[in-house]
Amino acid sequence: LFNGIYPFYLQQRRASVFDVSTIIVIVVFLTFACSFLLIIPGIRGRARLYWTLRVLLSLIVGVVIVAVQFTGDWETGWVTANTSYKSFSRALVNVDIGLHVGLAGVNVTLMGNPVNQVNETINYNEHFAWSFSADYDHSYSEGLERGLPSPILYVAEKFTTQSPCNMHRQYRISGHYASATLWVAFCTWLISNMLFSMPVLVYGGCMLLVTGTFMIFSLLSFSTVRNSLMCPMQFGTAVLRTGYGGSFWLTLAIGLLCFVAGITVVTLHYLNLDLLKTFFDLHEDKGEEYQEMTEVYVNSHFVNKGL
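In this text the structure is predicted, and so the values were computed from the model without any measurement. (Residues numbered from 1 in each chain as written. Predicted model: local features only at pLDDT ≥ 70, side-chain atom pairs only at ≥ 80, totals over all residues. Heavy atoms only, no water.)

Caption draft 1: How the structure looks around the overall build of the protein chain. In terms of helices and strands, the protein chain carries 10 helices and 7 strands. Out of the 307 residues in the protein chain, the part that is buried amounts to 40%. By sequence separation, contacts in the protein chain at least 24 residues apart represent 68% of the contacts at least 6 residues apart. If you sum the accessible surface of the protein chain, you get close to 18000 Å²; carbon and sulfur atoms cover 63% of it. (Helix = DSSP H or I, 4+ residues; strand = E, 2+ residues; numbered from the N terminus. Buried < 20%, exposed > 50% of the residue type's maximum accessible area, 1.4 Å probe, protein only. Contact = heavy atoms within 4.5 Å. Areas by Shrake-Rupley, 256 points an atom, 1.4 Å probe, with all protein chains shown as cover.)

Below, the structure written as structure tokens:
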């Protein structure tokens, strides 16, 4: 002991608020959006509204497809419990324990009620990655060496490869397949924008349908883990239960938006092509097309020669 405190914590650790990768993705797409807003005053008439709607909707789809790759709230759960805080200590603390599962790993959050208890600030957010370039078991071992609080280690231990729960294999495989299908959806989103700009409207609408299909496939891939038995995470009488998080429902909403937009474009192509061309600013000016010539000048020399 050092002044009555167990010497497990070399420094205070704070909860992370923002993920750097997500911020970078959002900043890049916001840059594109601001650049378009600078040139939008140069577009005349109602075409300005149509251009704004098309570009902003397209950017929203793109930023969601990329950003949810790095978010950690595909599946979330919270529980409030009285539990032990450290190993070799009988002291109990009242804390909020959160589990946030992403496609590349899990975040375990520990927040005290109140934050200051047992002469310490209880405010933690620890990330344990399982991507191809990361070793989950090594991250867990580092947490043991740092002396992380017992609730965090208890939850993180459920996802190790040696755990009998087998949750690591289930979540890692489903997360990898969900991430792969989302990258395919990002590629089809790029192709749809190219087809709309060529312009080949009906094929662009079809690629939007393909984009929505792959986004739904990613959700189906991630949701397969819910069909298997889950190990209970119990803290005394309280049980930590998880459900689909914000990234899951946001991906579902954008996928359905792609379906609606794709079906609308394909339907208008066959039922009302003029309206579709007007929305994409491709409608020809019939007044100019059928404008009659008021004066005609004929060279009489060529007429007399029969030319």
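From this point on, the discussion continues.
Caption draft 2: Spatial organisation of helix α4 (residues 150–157). Within α4, 6 of the 8 residues are buried, which leaves the element mostly enclosed by the surrounding structure. Those residues of α4 lying buried are Ser150, Pro151, Ile152, Leu153, Val155 and Ala156.

Caption draft 3: How the structure looks around the state of the cysteines. Evaluated as defined, the whole model comprises 1 disulfide. Here Cys165 connects covalently by a disulfide to Cys231, the sulfurs 2.0 Å from one another. Around the S-S axis, the bridge from Cys165 to Cys231 shows a dihedral of about -115° and counts as left-handed. In this pair, Cys165 sits in the loop between α4 and α5 (167–197) while Cys231 sits in the loop between α6 (201–223) and β5 (233–235), placing the two residues 66 residues apart along the sequence. (Disulfide = S-S within 2.5 Å.)

Caption draft 4: Quick peek at the packing of aromatic side chains. Evaluation of the coordinates by the stated rule reveals 20 aromatic pairs. Seen in terms of ring centroids, Phe29 and Trp189 are 6.3 Å apart; in terms of plane orientation they differ by 50°. Their pairing is tilted. Here Phe29, found in helix α1 (residues 20–39), pairs with Trp189, found in helix α5; they are 160 residues apart in sequence, far enough to count as distant. A relative accessible area of 11% means that Phe29 is categorised as buried. The buried category is assigned to Trp189, whose relative accessible area is 8%. Judged by centre distance (6.5 Å) and plane angle (65°), the rings of Tyr171 and Phe222 are edge-to-face. In this pair, Tyr171 is assigned in helix α5 and Phe222 in helix α6, connecting sequence segments 51 residues apart. (Phe/Tyr/Trp six-rings, centres within 6.5 Å; stacked < 30°, edge-to-face > 60°.)

Caption draft 5: The UniProt feature "transmembrane region" (unreviewed entry) in the protein chain, seen in detail. As annotated by UniProt and renumbered to match this structure, "transmembrane region" (unreviewed entry) occupies residues 20–39, 51–71, 91–110, 177–196, 202–225 and 246–271. Between the end C-alpha atoms of residues 51–71 the distance is 30 Å, and the span holds 81% helix and 0% strand. In this annotation, residues 246–271 is assigned 100% helix and 0% strand; the end-to-end C-alpha distance for the span is 37 Å. (UniProt positions renumbered as here; feature names shortened; annotations may be inferred.)

Caption draft 6: Spatial organisation of a nonpolar patch on the surface. On the surface, Val20, Ile24, Val28 and Phe32 cluster together to form a nonpolar patch covering roughly 380 Å² of accessible area. One can find Val20 in helix α1. (Patch = residues over 30% accessible without salt bridge, like charges linked within 9 Å, V, L, I, M, F, W, Y side chains within 5 Å. Salt bridge = Lys/Arg side-chain N within 4 Å of Asp/Glu carboxyl O.)

Caption draft 7: Structural detail: the pattern of salt bridges. Under the counting rule described, the total for this entry stands at 2 salt bridges. Here Glu120 makes a salt bridge to Lys86, at a shortest N to O gap of 2.7 Å. Here Lys86 lies in the loop between β1 (75–84) and β2 (92–101) and Glu120 lies in strand β4 (residues 120–129), a separation of 34 residues in the sequence. The two residues Glu120 and Lys86 agree in class, both being buried. Glu126 is the partner of Arg146 in a salt bridge, and the nearest nitrogen-oxygen pair spans 2.8 Å. Of the two residues, Arg146 is situated in helix α3 (residues 136–146) and Glu126 in strand β4; the sequence distance between them amounts to 20 residues. Note on Glu126: relative accessible area 4%, which makes it buried.

Caption draft 8: Expanded view of the nonpolar core. Ranked by internal contacts, the top residues of the largest apolar core, which has 60 residues, are Trp74, Leu99, Val106, Leu110, Phe128, Val155 and Phe159. In terms of residue count, the dominant contributor to this core is helix α2 (residues 47–67) (9 residues). Among residues more than four places away in sequence, those in contact with Leu110 are Tyr85, Val95, Asp96, Ile97, Ile122, Asn123, Tyr124, Pro149, Pro151 and Ile152. Grouped together as the second largest cluster of nonpolar side chains are 6 residues, Leu201, Leu208, Leu276 and Phe280 included. (Core = buried A, V, L, I, M, F, W, Y, C linked by side-chain atoms within 4.5 Å.)

Caption draft 9: Molecular detail of the sheet that holds strand β3 (residues 105–117). In spatial order, the strands read β4-β3-β2-β1-β7; together these 5 strands make up an open sheet with antiparallel pairing. Edge positions in the open sheet fall to β4 and β7 (243–244), since each of these has one partner strand only. As paired elements, β1 and β7 share 2 bridges and run antiparallel to each other. Note that in β7 the partner of Thr76 across the bridge is Gly243. The strands that α3 touches are β3 and β4; relative to β4, the one it contacts most, it runs at about 160°. (Pairing = 2+ DSSP bridges. Axes fitted to C-alpha atoms, helices over the stretch in contact; angles between N-to-C directions.)

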